[in-house]
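# Topology and contacts: notes
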Amino acid sequence: MLPLPASAAWSGTSLLRCLAIMALAMAVTPAAAQDFYVDQLHGHDAADGTTPESAWSSLAKVASTRLAPGDRVLFKRGGCWRERLRPRWDGAEGKPITYAAYGDAAAPKPRFTGSEALDAQQFAQQGNSRVYTIAHAAPVHALLVDGVFLFRHDPGAWERFAAEAKPWSFTWHAGVLSIKLYDPVADAAKFAALPAFAYQQPRSQGAWRAVVEDDLICSLAADGTPHHHLVFRDLIAEDSARLDDNGGYGVRIMGSEDILIERVEVYRAGKHHFGCINSHRVVHRDCYAAQPHPGQDNGGNSAWVSFNGPDSPYPAGASEYWNCTYEHTEDTWSTLYNPYGTAHAFIMEMHGPKLGPVLMDHLVSRGGGWSLNNSEHPDARILVRGGLIEDARLVVQGRGIEIDGLRMTGPHATIDLSGTGHLLQNLVITGTRTHGWDKDTVILCRNAGNTVRFSTIVTAADAGAAQSCIATTAAGNAPACYANILIANGAVLDLADAPGVCDRNLYRSGVVFAAGGRKDLAAWKALGLDAGAVIADDPRFVAPAAGDWRLQEDSPARDAAALPAAKIPAHDADGTPRPQGKAADIGAYEAKR
């Protein structure tokens, strides 16, 4: 409220003028942002919600209350809501509406769950079969026992289910939930990796939960209206799994702009844990995903997805992912993207003709692969900066994708490189031991026009004699390859023909190349390649057994990449500026001077 003018006389005219000034001030001065509290255990929806002592209890009350830009809705830590969090109001630029946590920081984050408990005592055996049934009115999207998924059989009558379903699976049909257990004789060898309690009758197995809801945290209101300028922070979404083309998200941002998702955790989701769909300026920061629903089809079962389809209101929907982690990625029912046996779900999928720039900064995937693809919108800039993939493959498609400073470890640490114009630099890939993948290589190049530079690639010591660092599928596909440390047991470069650019790489003595036949270093150099190669049986890494692939002071890779400035990255895998000495260092790391 504006103060009254000091010289104003309290006549009727001046008073009216002052009242008009005050009314104008009240009209243009925004109301102070308001905090509202929600306590699932001790709150009451009849309260005003403005203090922890007068907290509400339900999400229904939150949805029925008009919120203004800058307002916050705070959920009590330790609470669990079997409701969907669906905002009904927009924030404003710089003044988002925030949904977050309050209370003891040591207590669990507020949880939103899509499952409900089942009474295992109600399961009834069907004759002498391994099939048990229980009445359940609501459709069951997924079924869990002690957090372990059963496989979902196509809906149908339990008689057909009993005859056709795999063991350790379920179906729901016409108000009846049916499960089929393992036969301890017929199924033991084939399914030995699954839990021992899978052979026991339901009353002996543990806590059963039926998943009945998904999209637990969603930017769409119940009527389908998207909302904007929102923050979701310090929340958990769990048990949202659903096996179909469009459902099963834990967090779903749909048709919205300016959304921050921070320190949010999603467990046991379906198609994707976090979905960024037809949206713009969506930022995920310090988020966590785990335990995918098994058996999803191609394009599903990833922790994160960025998709902007033809119906998106944004011509180039942008999304960012900072310091996010995906683990417990096992999918025991699917062999998608996995020629080795046990499958894992991907950490990231992206696609769509309106895909915009996507930044992935220091993402960590423990066992799950990664898909980078801007094929439908080749001008969309895709950047991976730092991060870790453990024992899984990176699939790259499209054009002009940059991968900088990524670490990959384990026997299945491989890159399937399609498309053109991609830049791979400052990579650290160690421990690969493929034994059977195409060409038995670390980086398989399927198209021309790509670059691999300033990277450290060291295959497993016990990798086979066919193991290479870089291979091609056809003539003309070799990447520009320079200033890398490349160590393998086989032909270090297994190429259909000689590359256009190959120089300043470090190899062990006795190195072998393949390009129209096997060649030693002398024959390789005779092709005009690697005139500045460095040969060293010991590159002098700091502590390779401990995963430290930086260079010691006496490493022969130091100051050995004498290249034009345009060919040298501005930094190394740690962000250290290059060069530090008289020339840049070979490999992913620049030693600090």
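Just above sits the structure.
Summary of the structure given here. Being a predicted model, the structure only gives us computed values, none of them experimental. (Residues numbered from 1 in each chain as written. Predicted model: local features only at pLDDT ≥ 70, side-chain atom pairs only at ≥ 80, totals over all residues. Heavy atoms only, no water.)

Spatial ordering of the open sheet is given by β7-β8-β13-β12-β11, a layout of five strands whose pairing is mixed. Edge strands, defined here as strands with exactly one partner in the open sheet, are β7 (124-125) and β11 (151-152). In this structure, strand β12 (residues 169-173) lies alongside strand β13 (residues 176-180), joined through five bridges in antiparallel fashion. The residue bridging Trp172 from the neighbouring strand is Leu177, located in β13. (Pairing = 2+ DSSP bridges. Helix = DSSP H or I, 4+ residues; strand = E, 2+ residues; numbered from the N terminus.)

With that out of the way, let us pick up the pairing of strand β24 (residues 302-307). Extensive coverage of β24 is indicated by the burial of five of its six residues. With five bridges connecting them, strand β21 (residues 272-277) and β24 associate as parallel partners. Each residue of the ladder has a partner; that of Cys276, found in β24, is Ser306. Alignment of β24 against strand β29 (residues 346-351), held across five bridges, turns out to be parallel. Bridging from a neighbouring strand, Val305 pairs with Glu349 of β29. (Buried < 20%, exposed > 50% of the residue type's maximum accessible area, 1.4 Å probe, protein only.)

The next thing to look at is the packing of aromatic side chains. Under the criterion given, the structure shown has 14 aromatic pairs. Considering the side-chain rings of Tyr37 and Tyr102, the 5.0 Å spacing of their centres and the 85° angle between planes classify their relative orientation as edge-to-face. One end of the pair, Tyr37, is in strand β1 (residues 35-38); the other, Tyr102, is in strand β4 (residues 97-102), and 65 residues separate them in sequence. Considered together, Tyr37 and Tyr102 belong to a single accessibility category, that of buried residues. Members of the aromatic cluster, connected to one another through ring pairs, are Phe75, Trp81 and Phe112. Against the face of Trp322 rests Arg285, its NZ or CZ located 5.1 Å from the ring centre. Across from the ring centre of Tyr482, 5.3 Å away, lies the NZ or CZ of Lys567, which sits over that ring. (Phe/Tyr/Trp six-rings, centres within 6.5 Å; stacked < 30°, edge-to-face > 60°. Lys NZ or Arg CZ within 6 Å of the ring centre and 35° of its normal.)

Under the criterion given, the structure shown has 33 salt bridges. Salt-bridge contacts for Arg84 lead to Glu213; the nearest nitrogen and oxygen are separated by 3.0 Å. With a gap of 129 residues between them, Arg84 in the loop between β3 (80-81) and β4 and Glu213 in the loop between β14 (208-211) and β15 (217-218) connect regions that are remote in the sequence. Where Arg385 meets Asp361, a salt bridge forms, and the shortest distance between an N and an O atom there is 2.6 Å. Residue Arg385 is located in strand β33 (residues 382-385), and its partner Asp361 is located in strand β30 (residues 355-361); the two are separated by 24 residues in the primary sequence. Judged by its relative accessible area of 7%, Asp361 is buried. Through salt bridges with shared partners, one network takes in Arg111, Arg209, Glu238, Asp239 and Arg268. (Salt bridge = Lys/Arg side-chain N within 4 Å of Asp/Glu carboxyl O.)

Let's shift gears to the sheet that holds strand β18 (residues 251-254). In space, the five strands of this open sheet follow the order β15-β18-β21-β24-β29, with parallel pairing throughout. One side of each edge strand has no neighbouring strand; the edge strands of this open sheet are β15 and β29. As paired elements, β18 and β21 share four bridges and run parallel to each other. Across the sheet, residue Arg252 finds its bridge partner in β21, namely Gly275.

Assignment of secondary structure puts Gly581 in the segment after β54 (548-551). Along the primary structure Gly581 and Lys592 are separated by 11 residues, whereas in three dimensions their C-alpha atoms are 8.4 Å apart. In this structure Gly581 touches Asp559, Glu590 and Arg593, once residues within four positions along its chain are discounted. (Contact = heavy atoms within 4.5 Å.)

Among the five residues in β13, four count as buried, and that is most of the element. Here strand β8 (residues 131-135) pairs with β13 via five bridges, running antiparallel. From the neighbouring strand, Tyr132 faces β13, where its bridge partner is Ile179. Between β12 and β13, which pair antiparallel one after the other, the connecting turn spans two residues, and Ala174 there sits at a positive phi close to 50°.

Throughout this description, disulfide means a covalent bond between two cysteine sulfur atoms. Summed over all chains, the structure comprises zero disulfides. Not engaged in a disulfide, the cysteine Cys287 finds its nearest cysteine sulfur in Cys324; these two sulfurs lie 4.7 Å apart. Of all cysteine sulfurs, the one in Cys502 lies closest to Cys481, which takes part in no disulfide; the gap is 4.6 Å. (Disulfide = S-S within 2.5 Å.)

Glancing now at the environment of Asp438. Here Asp438 is to be found in the loop between β40 (428-430) and β41 (441-445). Taking the relative accessible area as the measure of exposure, Asp438 reaches 38% and is therefore partly exposed. For the pair Asp438 and Thr473, spaced 35 residues apart in sequence, the C-alpha to C-alpha distance is 8.6 Å. Among all residues touching Asp438, those that are not within four sequence positions of it are Leu444 and Arg446.

Moving on, we come to unusual backbone geometry. Negative phi is the rule for most residues except glycine; trans is the rule for most peptide bonds. In this model, Arg578 is joined to Pro579 through a cis peptide bond whose omega is -15°. Turning to its location among the elements, Pro579 is positioned in the segment after β54. The phi torsion at Asn323 lies on the positive side, around 55°, for a residue other than glycine. Its location among the elements puts Asn323 in the loop between β25 (317-322) and β26 (325-327). Notably, Asp391 is not glycine yet its phi reads approximately 55°, a positive angle. Note on placement: Asp391 falls in the loop between β34 (388-390) and β35 (393-397). Looking at Asp391, the relative accessible area reads 31%, which means it is partly exposed.

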